[in-house]
Amino acid sequence: MSFILKKDTVVVIAGKNKGKQGEVIEILRNKDRVLVSKVNMVKRHARPTQTQPGGIREQEASLHISNVMLVCPKCKKPTRPKVDFLADGTKARVCRICSEMIVL
């Protein structure tokens with residue numbers, strides 16, 4: 001089970017973008033990678049199409065999932081959440097620092 005889900009806020013913990021925060025746009029599960037908004041920007045050369053003009057555009061490149069860490073929405077600190085079971089038997093992510101449940 002991955003601790004990181006779409007729309008989570010994460011911080012980069014390794015690489016050239018270390019320390020930057022952003023929201024997860026997409027998770028590429030088969031490659032163990034994530035796309036984070038406004039982090040790891042690269043330039044791509046694009047041909048003109050009928051709908052878009054050509055040129056150089058900037059977009060996010062993927063990061064390996066091991067290089068990002070979830071940020072707790074309550075205490076605003078990076079944490080690796082633990083998984084607890086609720087009374088009805090469903091799984092929930094819990095912050096190890098402040099013991100607050102992180103909404104799925």
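As shown above, the structure is provided for reference.
Residues numbered from 1 in each chain as written. Predicted model: local features only at pLDDT ≥ 70, side-chain atom pairs only at ≥ 80, totals over all residues. Heavy atoms only, no water.

Student: Quick question: what am I supposed to make of the overall build of the protein here?
Tutor: When helices and strands are tallied, the protein shows 0 helices and 11 strands. Reading the helices (α) and strands (β) of the protein from amino to carboxyl end gives β-β-β-β-β-β-β-β-β-β-β. For the protein, the C-alpha atoms occupy an extent of roughly 55 × 30 × 25 Å along the three principal directions. Within the protein, contacts between residues at least 6 apart in sequence are counted, and of these 36% link residues at least 24 apart. If you sum the accessible surface of the protein, you get close to 7300 Å²; carbon and sulfur atoms cover 51% of it. (Helix = DSSP H or I, 4+ residues; strand = E, 2+ residues; numbered from the N terminus. Contact = heavy atoms within 4.5 Å. Areas by Shrake-Rupley, 256 points an atom, 1.4 Å probe, with all protein chains shown as cover.)

Student: What exactly am I supposed to notice about the side chain of asparagine 40 here?
Tutor: Within the fold, asparagine 40 resides in the loop between β3 (33-36) and β4 (41-46). A polar contact is formed between the side chain of asparagine 40 and the side chain of asparagine 17, at a distance of 3.3 Å. Not counting the four nearest positions on each side in its chain, asparagine 40 is found in contact with Lys16, Asn17, Gln59, Glu60, Ala61, Ser62 and Leu63. (Polar contact = N/O pair within 3.5 Å; in protein donor to acceptor, adjacent residues only side chain to side chain.)

Student: Please clarify how the sheet that holds strand β11 (residues 101-102) should be interpreted in this entry.
Tutor: Paired through their backbone hydrogen bonds, the strands of a sheet run either parallel or antiparallel. The 3 strands are arranged β9-β10-β11 in an open sheet whose pairing can be described as antiparallel. A single partner strand is all that each edge strand has here, and the edge strands are β9 (82-85) and β11. Sheet topology note: the β9/strand β10 (residues 91-94) ladder contains 4 bridges and is antiparallel. Its bridge partner being in β10, phenylalanine 85 is matched across the sheet by lysine 91. (Pairing = 2+ DSSP bridges.)

Student: Whenever I open this one, the environment of valine 11 confuses me. Can you help?
Tutor: Relative to the helices and strands, valine 11 resides in strand β1 (residues 9-12). Separated by 10 residues in sequence, valine 11 and glutamine 21 have C-alpha atoms that sit 4.4 Å apart. With residues up to four places along the chain from it excluded, the contact list for valine 11 reads Gly19, Lys20, Gln21, Asn67, Val68, Met69, Val71 and Pro78.

Student: What exactly am I supposed to notice about the environment of threonine 79 here?
Tutor: Relative to the helices and strands, threonine 79 resides in strand β8 (residues 78-79). Put simply, threonine 79 and arginine 96 are 17 residues apart on the chain and 6.6 Å apart in space, counted from C-alpha to C-alpha. Filtering out sequence-adjacent residues up to four positions away, threonine 79 remains in contact with Met69, Leu70, Cys72, Cys95, Arg96 and Ile97.

Student: Looking at this model, I keep getting lost on the sheet that holds strand β2 (residues 21-28). Mind explaining?
Tutor: Pairing within the open sheet is antiparallel, and its 6 strands lie in the order β6-β3-β2-β1-β7-β8. Of all strands in the sheet, those with a lone pairing partner are β6 (63-64) and β8, marking the two edges. Note: strand β7 (residues 68-71) against β8, 2 bridges, orientation antiparallel. If you follow leucine 70 over to β8, its bridge partner there is threonine 79.

Student: Just checking my understanding: could you explain the nonpolar core for this structure?
Tutor: Generally speaking, soluble globular proteins have nonpolar side chains that are buried together. Counting residues in hydrophobic clusters, the biggest one holds 10 residues: Ile4, Val10, Val12, Val24, Ile27, Val34, Val36, Val39, Leu63 and Val68. If you list the elements that add at least two residues to this core, you get β1, β2 and β3. Apart from residues no more than four positions distant in its own chain, valine 12 is found in contact with Asn17, Lys18, Gly19, Lys20, Val39, Leu63, Asn67 and Val68. (Core = buried A, V, L, I, M, F, W, Y, C linked by side-chain atoms within 4.5 Å. Buried < 20%, exposed > 50% of the residue type's maximum accessible area, 1.4 Å probe, protein only.)

In short, shape yes, function no, at least from these values alone.
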